[in-house]
Amino acid sequence: MSSRRSRASVSEEEINELISRLQTLLPSARRRVGREASTTKLLKETCSYIKSLHREVDNLSDRLSDLMATMDHNSPGAEIIRSLLR
Amino acid sequence: MASTSSSTPAAEVEVEERCRKRKRAARAAEPAAPAQPSKWRTRREHEIYSSKLLEAIRVVRAGPSAAAGAAAPAPPRGRAVGEAADRELAVAARGRTHWSRAILASRRRRLQAAHRARLRAPASPPSRHDAAAASASAASASAAAAKGTATPPLARKAKVLGRLVPGCRKLSFPTLLAETTDYIAALQMQVRAMTALAEALSAVSATSSPGAGSSSSSSPL
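Residue positions are given per chain, counting from 1 as you read along its sequence in written order. Starting at A for chains and at 1 for ligands, labels are handed out in the order in which the entities are written. This being a predicted model, a pLDDT of at least 70 is required before a residue's local features are given, and a value of 80 or more before pairs of side-chain atoms are given or counted; all residues contribute to the totals for chains, interfaces and linings. No hydrogens and no water enter the side-chain calculation; it runs on all heavy atoms of the structure.

J.: Before we go on, may I ask you to explain the overall build of chain B in this structure?
T.: A tally of regular secondary structure across chain B gives eight helices and zero strands. Shown N-terminal to C-terminal, the secondary structure of chain B runs as helices and strands in the order α-α-α-α-α-α-α-α. The buried label applies to any residue whose accessible area, calculated with a 1.4 Å probe on protein chains only, is under 20% of its type's maximum; exposed applies above 50%, and partly exposed to all values in between. Counting across all 221 residues of chain B, residues that qualify as buried make up 33%. Of the contacts formed within chain B by residues at least 6 apart in sequence, a portion of 67% connects residues at least 24 apart. Note on areas: these come from Shrake-Rupley sampling with a 1.4 Å probe, and a residue is covered only by the protein chains present in the view. When the accessible surface of chain B is summed, it comes to about 13200 Å², and 59% of that surface belongs to carbon and sulfur atoms. A run of H or I in DSSP counts as a helix once it spans at least four residues, and a run of E counts as a strand once it spans at least two, with each numbered from the N terminus. In what follows, residue pairs with any heavy atoms lying within 4.5 Å of each other are defined as contacts.

See the structure below:
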């Protein structure tokens, strides 16, 4: 077991730290009841969260393309948006 | 510099490796250590991304045929916007993460393939194979190492995760975790920026065309 540890370049602690950092991003972190989440559950939740984010981006991009289609370039509205974003 | 850590050689090796990684990052002239997910929460990044996204969407709207050369007339405008959004996100990452490089690389491959298909007989499949073979051979070594750091049931989930995050199919487990963390933070910013943009645009179009029917999103959520 010790030989495997010396061969692996990343220790358990670093993996645990990465996992906890990932956990803080997930929406379930808000109702966290101590660090009970197993890594498997965390990974599963991460996968479903990424999928839902992808879906939301797709919805938003559809909505944005519809909006852009109806909008006029030179309308004052576009100017306002551009100045707001800058 | 006195190090108060234990005297085990393993610990010393780890500390040394961490120092080496930090020096390598500093030598690459990048101020931050491997991509910090917190940067996706800054207002500045949000603003930069929003303005770039608006520009990209406007380009998409202006002429998809001009860009893609009519070789891909099919991507519905919604998907084209999504792709522009992803591309801007990848650019914002400044090439420090695997997933951003994968997004940009796949987009470049597709454009090159479309371009070559326009000029002459398609020579694109070989280039795709080369790129895939290169990444596969370089990553098979890390795949072998991955088995040593993740037990089998975890490895299955990790594989699913690797498929979701672009360009991370064959990374080692800890690298995959870091990439995922950054990718999720970036996606969150993308959603925030696109939502704000959509709200702003719908508000503008609602006011600029009064009486154009019912606009259901007149009140913020």
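Now, onward.
J.: What is the right way to read the overall build of chain A from this model?
T.: What chain A contains, in helices and strands, is four helices and zero strands. Its helices and strands in sequence order give chain A the pattern α-α-α-α, from N to C terminus. The burial tally for chain A puts 36% of its 86 residues in the buried class. In the form shown here, chain A has an accessible surface area of approximately 5900 Å², with 48% of it arising from carbon and sulfur atoms.

J.: Just to check I follow, could you spell out the side chain of Ser-61 of chain A for this structure?
T.: All names here are of chain A. Mapped onto the secondary structure, Ser-61 falls in helix α3 (residues 39-70). Take Ser-61: its relative accessible area is 1%, and that puts it in the buried class. For Ser-61, the side chain forms a polar contact with the main-chain oxygen of Asp-58, separated by 2.8 Å. Any N or O atom pair separated by 3.5 Å or less is treated as a polar contact, with the protein-specific requirement of one donor-capable and one acceptor-capable atom, and with residues adjacent in sequence counted only for side-chain atom pairs.

J.: Is there a simple way to think about the pattern of salt bridges in this case?
T.: Side chains that differ in sign of charge can pair as their charged atoms come close. Here, a salt bridge means any side-chain nitrogen of Lys or Arg that lies within 4 Å of a carboxyl oxygen of Asp or Glu. Here the structure, examined in full by the defined rule, presents three salt bridges over all chains. Glu-17 of chain A is paired through a salt bridge with Arg-21 of chain A; the nearest N and O atoms lie 3.3 Å apart. In this pair, Glu-17 of chain A and Arg-21 of chain A are both assigned in helix α2 (residues 12-25), four residues apart and thus about one turn of the helix distant. Residue Glu-17 of chain A is classed as partly exposed on the basis of its relative accessible area of 47%. We note a salt bridge from Glu-199 of chain B to Arg-63 of chain A, for which the minimum N-O separation is 3.1 Å. In this pair, Glu-199 of chain B sits in helix α8 (residues 173-208) while Arg-63 of chain A sits in helix α3, so the two residues belong to two different chains.

J.: Looking at this model, I keep getting lost on the packing of α3 of chain A against helix α7 (residues 152-164) of chain B. Mind explaining?
T.: When two helices pack together, their arrangement is given by the angle between the helix axes and the distance between those axes. For helices, the fitted line uses only the C-alpha atoms of the stretch in contact; every axis is such a line through C-alpha atoms, and the angle between N-to-C directions lies from 0 to 180 degrees. Remark: α3 of chain A packs on α7 of chain B, axes separated minimally by 9 Å, with the N-to-C direction vectors making an angle of 15 degrees. Viewed along their axes, α3 of chain A and α7 of chain B adopt a mutual orientation that is roughly parallel. When you trace α3 of chain A past α7 of chain B, the crossing you get is left-handed. For the pair formed by α3 of chain A and α7 of chain B, the contact residues are Thr-39, Thr-40, Leu-43, Lys-44, Thr-46, Cys-47, Ile-50, Lys-51 and His-54 of chain A on the first element and Leu-154, Lys-157, Ala-158, Val-160, Leu-161 and Leu-164 of chain B on the second. In what follows, roughly perpendicular refers to angles from 65 to 115 degrees, roughly parallel to angles under 35, roughly antiparallel to angles over 145, and oblique to any angle outside these ranges. Each crossing gets its hand from how the near helix is turned against the far one by less than a right angle, where anticlockwise is left-handed and clockwise is right-handed.

J.: For this particular structure, what's the right way to read the confidence of the model for chain B?
T.: In low-pLDDT segments, the atomic positions of the prediction should not be examined closely. Residue and element names in this part refer to chain B. Across chain B, the average pLDDT comes to 69, with 55% of residues at 70 or higher. pLDDT expresses how confident the predictor is about each individual residue, on a scale running from 0 to 100. Averaged pLDDT values over the elements of chain B bottom out at 43 in helix α6 (residues 124-149) and peak at 86 in helix α5 (residues 98-119). Low pLDDT, under 50, characterises residues 28-34; the predicted model gives this stretch three contacts beyond four residues in sequence or across chains. Per-residue pLDDT stays below 50 along residues 66-74; that stretch engages in five contacts with residues further than four places along the chain or on separate chains. We note a pTM of 0.65 for the whole complex and an ipTM of 0.77 for its interfaces.

J.: Explain the environment of Ile-19 of chain A here, please?
T.: Residues and elements named next belong to chain A. Position of Ile-19 among the secondary structure elements: in helix α2. Here Ile-19 falls in the buried class, since its relative accessible area comes to 11%. For Ile-19 and Leu-42, which are 23 residues apart along the polypeptide, the C-alpha to C-alpha distance reads 8.2 Å.

J.: I would appreciate a short explanation of the nonpolar core in the present structure.
T.: Most often, soluble globular proteins have nonpolar side chains that are buried together. Only buried residues count toward a nonpolar core, which is a set of Ala, Val, Leu, Ile, Met, Phe, Trp, Tyr and Cys residues joined through side-chain atoms within 4.5 Å. Judged by nonpolar contacts, the single largest core of 52 residues is most densely connected at Ile-50 and Leu-64 of chain A together with Trp-40, Leu-89, Trp-99, Leu-177 and Ile-184 of chain B. When contributions to this core are tallied by element, the ones reaching two or more residues are α2 and α3 of chain A together with α2 (43-62), α4 (77-92), α5, α7 and α8 of chain B. If one sorts the elements of this core by residue count, α8 of chain B sits on top with 15 residues. Once residues within four sequence positions are removed from consideration, Leu-177 of chain B is found in contact with Ile-15, Leu-18, Ile-19, Leu-22 and Leu-43 of chain A.

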